[in-house]
Amino acid sequence: MRLEEQAQPGALLVQGYGSGGFRLGGKRHEGSLMILPTGPLDWPVVSAEGISLAQLEPVLALADRIDILLVGCGLAMRPVDRTLAESLRQSHGISVDFMDTGAACRTFNVLMMEGRQVAAALIAIQ
């Protein structure tokens, strides 16, 4: 799906998702993806089940620059370990929201447009 937004200068927005990847800044990225303040990063996760702190290490390394982490769980929201979100909030000051990947992409764009300190961990969908 294509997303069209008016970007603020320097804002990296999700322009499209589906077919196993994402489009950011006019460039196609195959597979799951993290979007961090430092830029996009391949994320070797294919299922929301079992997401761990270890898989979110790139986010933790930038915790001082991230207030909100959006996790796109694929086609549909999946149950996740609530202790993971609580740990990120208490230990690292990061609020975590789990949702389907499409909703995460749209929410990420809105928060970026508002100038919020947001990151996304997005599981690719077909």
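A quick note: this is a predicted structure, and the numbers were derived from the prediction, not measured.

Chemist: So what's going on with the overall build of the protein chain? Which residues, and what values?
Modeler: On a plain count of helices and strands, the protein chain comes out with three helices and eight strands. In the protein chain, the succession of α and β elements from N to C terminus is β-β-β-β-β-α-β-α-β-α-β. In summary, the protein chain has a C-alpha radius of gyration of 13 Å against a globular reference of 14 Å for 126 residues, a match within 12%. Considered along the principal axes of its C-alpha atoms, the protein chain spans approximately 35 × 30 × 20 Å. For the protein chain, the residues scored as buried account for 44% of the 126 residues in total. Within the protein chain, residue pairs in contact and separated by at least 24 positions form 61% of the contacts whose partners lie at least 6 positions apart. Within the structure as shown, the protein chain displays about 6,500 Å² of accessible surface, and the carbon and sulfur contribution to it stands at 51%.

Rules of the game
Residues numbered from 1 in each chain as written. Predicted model: local features only at pLDDT ≥ 70, side-chain atom pairs only at ≥ 80, totals over all residues. Heavy atoms only, no water. Helix = DSSP H or I, 4+ residues; strand = E, 2+ residues; numbered from the N terminus. Rg over C-alpha atoms; globule rule 2.2 N^0.38 Å. Buried < 20%, exposed > 50% of the residue type's maximum accessible area, 1.4 Å probe, protein only. Contact = heavy atoms within 4.5 Å. Areas by Shrake-Rupley, 256 points an atom, 1.4 Å probe, with all protein chains shown as cover.

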